[in-house]
Amino acid sequence: MTEPAVDPAQTPTGSAADRSPKGLDLDRLTAYLAERRPELTAGPLSARLIAGGKSNLTYLVHAGGRELVLRRPPLGHVLATAHDMAREHRVISALAPTEVPVPEALLLCADDAVIGAPFYLMQKVDGQVYRTRAQTDPLTDGQRHDLAMAMMDTLAALHMVEPAAVGLADFGRPEGYLGRQVRRWAGQLDRSRSRELPGIDELRDALADTVPEGANAGRIVHGDYRLDNLLAAVDPVTVRAVLDWEMATLGDPLADLGLLLTYWSVLGDSELAEGNPVADGIGPRAGFPTGDELIDRYAGRSDVDVGPLHWHVALGCFKLAVICEGIHYRHTLGQTLGGGFDRIGDMVAPLVEHGLRAVREK
């Protein structure tokens, strides 16, 4: 995967330990691959962290003349089930023959002893992750429009995949999915609390008291679908790969749409977007189509009943507030790698405020 925030590759010198970025032991990885997949180690390994991700850690690994991508959970304070490498590996493997573009999965290691955490390797995909205004401002109006529409077409294609047809019939429990989402993120919140968060318990309770039927349940849900979880090209505009499948499951596709609109309209169309590491380069303020245009495009390419989305946007606000609070907590403990974490905690209060307004809509 091509990521603009990654420095150019260094020529490997010295021991693997000297070349190992934090969180990745290249000596152990080299020994493991030599035993399990020797064809992946055509030369000395070197690696560096791919900047931008705020949850699971992603590394670009140079193996001789070959480039691979390694994913592992974050350092410290890992919430149960929130950073499941086997889940990511399984879903991208299953989606490989579908219209949903995903990287080729190469290897899964569930043994913590190798690098200190489970991990998987996948093929590098050429493309661009669009995350900041510095990246999206040079695009033409037409490219921004087409990129947003390609993002929605890809989401619709994902939700149209029949889980049983790709071996994912048992990938989740669709019944009661939305209620479990509320309980799950409430539990994550309790394990990430480090300060007072006014209104967040009220939002949690309001969501729990108004869980909708979930008539669309049973689709493959990405769990964190947004522009900067895609690799794209703009000449012509295409989505090359969907990334970061750590929260994928079977559930209600409106949860994906509601969270996407949280990023796009709640954050991306407000003052919170300016310089923000997760909303700076998206939404109407960055010259992209409105949230309503995204919904129309999605509805025209899927059979999902979009219905009233306000509850799902409220859930998206709650979920994103909890995620941001967890990242903020890890940052205060010195357990984050890379930059852009110092402002993540500032997003929690506005997300809670908007979520409360959304859940009260009729």
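A brief report on the enclosed structure follows.

Definitions and cut-offs
Residues numbered from 1 in each chain as written. Predicted model: local features only at pLDDT ≥ 70, side-chain atom pairs only at ≥ 80, totals over all residues. Heavy atoms only, no water. Helix = DSSP H or I, 4+ residues; strand = E, 2+ residues; numbered from the N terminus. Buried < 20%, exposed > 50% of the residue type's maximum accessible area, 1.4 Å probe, protein only. Contact = heavy atoms within 4.5 Å. Areas by Shrake-Rupley, 256 points an atom, 1.4 Å probe, with all protein chains shown as cover. Axes fitted to C-alpha atoms, helices over the stretch in contact; angles between N-to-C directions. Parallel < 35°, antiparallel > 145°, perpendicular 65-115°, else oblique. Left-handed = near helix turned anticlockwise from the far one by under 90°. Nonpolar A, V, L, I, M, F, W, Y, C, P; charged D, E, K, R; others polar. Phe/Tyr/Trp six-rings, centres within 6.5 Å; stacked < 30°, edge-to-face > 60°. Salt bridge = Lys/Arg side-chain N within 4 Å of Asp/Glu carboxyl O. Pairing = 2+ DSSP bridges.

### Let's talk about the overall build of the protein chain
Line of reasoning, step 1. Summing up its helical and strand segments, the protein chain has 12 helices and nine strands in all.
Line of reasoning, step 2. With 362 residues in all, the protein chain has 55% of them scored as buried.
Line of reasoning, step 3. Within the protein chain, counting contacts between residues at least 6 apart in sequence, those at least 24 apart form 72% of the total.
Line of reasoning, step 4. Just so you have it, the protein chain exposes about 14700 Å², and 49% of that area is on carbon and sulfur atoms.

### Considering the packing of helix α8 (residues 200-209) against helix α12 (residues 348-359)
Line of reasoning, step 1. Contact geometry of α8 with α12 gives a least axis separation of 9 Å together with a crossing angle of 30°. Of the possible angle classes, the one that applies to α8 and α12 is roughly parallel. Both α8 and α12 take part in a crossing whose hand is left-handed. Taken together, the residues of α12 that come into contact with α8 (itself represented by I200, E202, L203, A206 and L207) are V352, G355, L356 and V359.
Line of reasoning, step 2. For the contact of α8 with α12, the residue count by class is seven nonpolar, one polar and one charged.

### Looking at the packing of aromatic side chains
Line of reasoning, step 1. Inspection of the entire model under this criterion finds two aromatic pairs.
Line of reasoning, step 2. Measuring from ring centre to ring centre gives 6.0 Å for Y32 and F119, while their planes differ by 70°; the resulting arrangement is edge-to-face. With Y32 in helix α2 (residues 26-36) and F119 in strand β5 (residues 119-123), this pair connects stretches of sequence that are 87 residues apart. Comparing Y32 with F119, the two get one shared label, buried.
Line of reasoning, step 3. Here W264 and F288 contribute two aromatic rings whose centre-to-centre distance is 5.3 Å and whose plane-to-plane angle is 70°, an arrangement assigned as edge-to-face. Taken together, the residues W264 in helix α9 (residues 253-267) and F288 in the loop between α9 and α10 (291-300) connect sequence positions 24 residues apart.
Line of reasoning, step 4. For W264, a relative accessible area of 1% gives the class buried.

### Some thoughts on unusual backbone geometry
Line of reasoning, step 1. A cis amide bond, omega 0°, links D235 with the succeeding residue P236.
Line of reasoning, step 2. In this fold, P236 is placed in the loop between β7 (230-234) and β8 (237-242).
Line of reasoning, step 3. A positive phi angle, close to 60°, is found at D244, a residue other than glycine.

### Topic: the pattern of salt bridges
Side chains bearing opposite charge may pair, as long as their charged atoms lie close to each other.
Line of reasoning, step 1. Tallying each qualifying case throughout the model produces 24 salt bridges.
Line of reasoning, step 2. For the salt bridge of R193 with D190, the shortest nitrogen-to-oxygen distance reads 3.3 Å.
Line of reasoning, step 3. Since its relative accessible area comes to 30%, R193 is described here as partly exposed.
Line of reasoning, step 4. Note that D205 is salt-bridged to R204, the shortest N-O span being 3.0 Å.
Line of reasoning, step 5. Three or more residues are tied together by salt bridges with common partners; here these are D190, R193, D201, R204 and D205.

### Digging into the sheet that holds strand β4 (residues 105-109)
Line of reasoning, step 1. Taken together, the five strands give an open sheet; going across it, the order is β1-β2-β3-β5-β4, and neighbouring strands pair in antiparallel fashion. Two strands in the sheet have a free side with no partner beyond their single neighbour: β1 (45-49) and β4. Neighbouring strand axes in the sheet, compared pairwise and without regard to direction, differ in orientation by 25° on average.
Line of reasoning, step 2. As paired elements, strand β2 (residues 57-63) and strand β3 (residues 66-72) share seven bridges and run antiparallel to each other. Bridge pairing in β3 places L57 opposite R72.
Line of reasoning, step 3. Its contacts with the sheet put α2 on β1, β3, β4 and β5, and the angle it makes with β1 is roughly 125°.
Line of reasoning, step 4. Contacting β3, β4 and β5, helix α3 (residues 85-95) runs over the sheet at an angle of about 155° to β4.

Purely spatial values, then, with no claim about function.
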